[in-house]
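Spelled out from the first residue to the last, the chains are:
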Amino acid sequence: MWELAGPAVAVASHCTCAEVDDVLGAAAGVVVQEESRTGYLSRRRLEQRVNGRWVLGPARARTQVGKIADWSAPILPSSVTLAAAVEAVLARPEEQRYDDLMLRGPAGGAASWRLLPAGAVLEALAVSMARRASQDELTGLLNRAAFFEHLHEVSLGLPGTGRRLAVVFIDLDRLKNVNDELGHNVGDALLVSVARRLKASSHPGDLLARIGGDEFVVAMTVPTGSDSDLHALLHRIAGRYLSVLRQPDPSLDSRACSTASLGAAISGHNEGTSGVETLLQEADLAMYGAKQAGGDRVVVSGPPLILGDPDDEQTVGRLSRSMHRALAENELVLHYQPILELATGRITAVEALVRWQHPTDGLLGADRVLAAAQADNALLAMDLWVLKTALGQLRQWIDVLGERAPDWMNVNLSTVTLANTDLAEEVLTVIRESGVPRGRIRLELPETTTLDLAEGTPAQLAELIAAGVQLSLDDVGAGTSSLRHLATLPVAEMKIDQSFIGRMRVDDRARAVVEMLTNLAGGLSITVTAEGVEAVEQLRQLIDLGVDHVQGYFIAPPAPASVTEAVLTAQQFGTGATLLTPAYLLMPN
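Residues numbered from 1 in each chain as written. Predicted model: local features only at pLDDT ≥ 70, side-chain atom pairs only at ≥ 80, totals over all residues. Heavy atoms only, no water.

1. Considering the overall build of the protein chain
Then, number 1: A tally of helices and strands in the protein chain yields 24 helices and 21 strands.
Then, number 2: The 589 residues of the protein chain split such that 51% are buried.
Then, number 3: Sequence-distant contacts in the protein chain: of pairs separated by 6 or more residues, those separated by 24 or more amount to 70%.
Then, number 4: Per element, the accessible surface of the protein chain, about 26,000 Å² overall, is 52% carbon and sulfur. (Helix = DSSP H or I, 4+ residues; strand = E, 2+ residues; numbered from the N terminus. Buried < 20%, exposed > 50% of the residue type's maximum accessible area, 1.4 Å probe, protein only. Contact = heavy atoms within 4.5 Å. Areas by Shrake-Rupley, 256 points an atom, 1.4 Å probe, with all protein chains shown as cover.)

Encoded structure:
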């Protein structure tokens, strides 16, 4: 604050208004001094005294400034913080709120006084708030929301440039140990050190952010090339970060060190913003693969699979030919993403998401699994496997966790499965064998579903509803199909498409759509879940709009059953409890 202040004119209290008016110059006010006190006189108040109609003739020369100075004006030290300066401005009476603040320097005497304009204080506050909105307060890196915003902007400019977008997820392996053994202050110092080393190892133009308690992410663009060349390049880039994090920081306690698990992925050909979410999921999955393999290593994901891209036909064929083998040899696995109830802070549901632990390609995300299953006509078999496995997991959580187990398990059904004429019988058989009450299953219908895709589909769904199974409409708002279902099916849940949630902060129309859908669901007594929640600002808006549940990376990313169980066990009940401690911060290192 001292550097924002200007030199002050200091006058004795016995000086007249006319004398002070002559020396005031361009200053907004003067410091008025007596032997035992110091006050402030603003130009506004002085001009009222000198030029006002109620002060005439000789009074102009005779009035001493000591009689009209503000002797209660705050005096702040030269080391005053922005917060203290803002508090001093706001504490003043309204008519004096924009008067300068007096700062007293350490030297003493008239030359040690400076005047700090209230406008400069408020401008500094605005700059600080803008910085906090986009920066992680501890490390100074981009925060989660700003990173995603910048990443989408970069992706928009990529088509036609001959470059592709790459992302490296970084998760510290030992931060929890450092916090437990040495305290959170040391843990914070380690995070700052990690941020500094990552920044030093990055190139100009790279995006670097801290997106969670111990999670960092780097994004950059790279020249396009063959898949093998890009894979090797990305491994070298991620390996560089791994190497610098392995080195202890000599400025820290020797025990304040941590290796890291790194996952890297690169975008497909000609992808814009539609490919960003897939890219992030691929990198996140690769990072979990590195963590599961013991940490202190890099895992690079294969190229994301884009259906209909001729360059990927060979990959589609290779994967599809082994899909039935994957089902037979238990290579498919499920990850689970919590769904949080805003009114209680409780995780009331989880969504089961399929992954493929491929023997050579590593952990593959849902998009690539679904593409391979579709190409090999294995969607029905895969959907039934997912349902059986997910319900078995729910049964285990009910037995082990009791009231902390989720109330519902959300399972996605493909349009192929929905067209199956024996849909109700096969689903009810799986449910009966699992021992899970029918009312604790929610079947998610994709937005692309049309109820006339098979003659018996409406009757099959009606039979499931009559048996107590709940239906959920996924990606509502992304198209028109799901909205039509509201008039024909007694659904229990509506999931608002993540594209609207992501744009709410900058697009009033997106917020209006979310509000409209929320009100519509309320009128129909349907639970509303907002998908793709990435930042606390989105949470606040969703609470204001009356949304019931939220799901997204800010709450917790999809994770293996063991990790999700740890989150369920650690959750705190009570209004807003989990909002204060996002689930991803509870996830074990």
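2. Here we look at the sheet that holds strand E7 (residues 113-116)
Then, number 1: The four strands are arranged E1-E7-E6-E5 in an open sheet whose pairing can be described as mixed. Looking at strand neighbours, the two that pair on one side only are strand E1 (6-7) and strand E5 (75-77), the edges of this open sheet.
Then, number 2: As defined by bridge partners, strand E6 (residues 101-104) adjoins E7 across four bridges and the pair is classed as antiparallel. Paired with Arg104 across the bridge in E7 is Trp113.
Then, number 3: Helix-sheet contacts for helix H4 (residues 82-91) involve E5, E6 and E7, and the interaxial angle to E6 is about 140°. (Pairing = 2+ DSSP bridges. Axes fitted to C-alpha atoms, helices over the stretch in contact; angles between N-to-C directions.)

3. Considerations on the packing of helix H7 (residues 175-182) against helix H8 (residues 184-201)
Then, number 1: Here H7 crosses H8 at 145°, and the two axes come no closer than 7 Å. Listed contacts from H8 to Leu175, Val178, Asn179 and Leu182 of H7 are His184, Val186, Gly187, Leu190 and Leu191.
Then, number 2: Split by residue class, the contact of H7 with H8 holds six nonpolar, three polar and no charged. (Nonpolar A, V, L, I, M, F, W, Y, C, P; charged D, E, K, R; others polar.)

4. Observations concerning the sheet that holds strand E9 (residues 207-210)
Then, number 1: Judged by pairing direction, the sheet is mixed, and its five strands sit side by side in the order E9-E10-E8-E11-E12 without closing on themselves. Single-partner strands in this sheet number two, and they are E9 and strand E12 (297-300). Pairwise comparison of adjacent strand axes, ignoring direction, gives a mean angle of 15° for this sheet.
Then, number 2: Judged from the seven bridges that link them, strand E8 (residues 163-172) and strand E11 (residues 260-266) form a sheet pairing that is antiparallel.

5. Looking at the confidence of the model for the protein chain
Then, number 1: Confidence in the prediction of the protein chain, expressed as mean pLDDT, is 82, and 84% of residues score 70 or more.
Then, number 2: Across residues 303-314 the pLDDT falls below 50, and counting only partners more than four positions away or on other chains, this stretch makes 21 contacts in the model.
Then, number 3: Considering only residues more than four positions removed or in separate chains, one finds that residues 574-589, a stretch of pLDDT under 50, has 51 contacts. (pLDDT = per-residue confidence, 0-100.)

6. Things to note about unusual backbone geometry
For residues besides glycine, phi is generally negative; the peptide bonds are generally trans as well.
Then, number 1: One non-glycine residue, Asp296, adopts positive backbone phi at about 55°.
Then, number 2: Secondary-structure assignment places Asp296 in the loop between helix H10 (276-292) and E12.

7. Considerations on helix H13 (residues 366-375)
Then, number 1: The set of residues buried in H13 consists of Arg368, Val369, Ala371, Ala372 and Ala373.
Then, number 2: Following H13 by one or two positions, Asn377 adopts a phi angle in the positive range, close to 55°.

8. Describing the pairing of E12
Then, number 1: Residues Val298 and Val300 of E12 are buried on one face, while the alternating residues Arg297 and Val299, pointing to the opposite face, are not.
Then, number 2: Here E11 pairs with E12 via four bridges, running parallel. From the neighbouring strand, Gly263 faces E12, where its bridge partner is Val299.

9. Some words on H7
Then, number 1: Burial in H7 covers these residues: Leu175, Val178, Asn179 and Leu182. Down the axis of H7, the buried side of the element spans an arc of 105°, and every buried residue falls inside it. Seen from the open side of H7, the exposed residues pointing more than 90 degrees away from its buried face are Asp180 and Glu181.
Then, number 2: In the segment just after H7, Gly183 is the residue with positive phi, at about 100°. (Arc of directions from axis to C-beta.)

10. Details of the side chain of Asn410
Then, number 1: For Asn410, the position within the fold is in strand E16 (residues 408-412).
Then, number 2: Within the local environment of Asn410, its side chain forms a polar contact with the side chain of Glu493, the two groups lying 3.0 Å apart.
Then, number 3: If near-sequence neighbours (up to four positions away) are discounted, Asn410 is found in contact with Ile339, Ala349, Val350, Glu351, Ala352, Arg442, Glu444, Ser472, Glu493 and Lys495. (Polar contact = N/O pair within 3.5 Å; in protein donor to acceptor, adjacent residues only side chain to side chain.)

11. Details of the packing of aromatic side chains
Then, number 1: Summed over the entire model, instances satisfying the criterion amount to two aromatic pairs.
Then, number 2: Note on Tyr336 and Trp397: the rings are 5.3 Å apart at their centroids and 70° apart in plane angle, and the pair reads as edge-to-face. Placement of Tyr336 in strand E13 (residues 332-341) and of Trp397 in helix H14 (residues 379-401) is noted, with a sequence separation of 61 residues between them.
Then, number 3: Above the face of the Tyr241 ring, Arg240 is positioned so that its terminal group lies 5.2 Å from the ring centre. (Phe/Tyr/Trp six-rings, centres within 6.5 Å; stacked < 30°, edge-to-face > 60°. Lys NZ or Arg CZ within 6 Å of the ring centre and 35° of its normal.)

12. A few points about the pattern of salt bridges
Then, number 1: A complete count under the given rule lists 17 salt bridges for this structure.
Then, number 2: A salt bridge links Asp171 to Lys291; the shortest N-O distance between them is 2.4 Å. Here Asp171 is found in strand E8, whereas its partner Lys291 is found in helix H10, with 120 residues between them in sequence.
Then, number 3: In this structure, the salt-bridge partner of Arg325 is Glu329, at a minimum N-O distance of 3.8 Å.
Then, number 4: With a relative accessible area of 28%, Arg325 lands in the partly exposed category.
Then, number 5: Linked by salt bridges that have partners in common, Glu351, Glu444, Lys495 and Glu531 make up one network. (Salt bridge = Lys/Arg side-chain N within 4 Å of Asp/Glu carboxyl O.)

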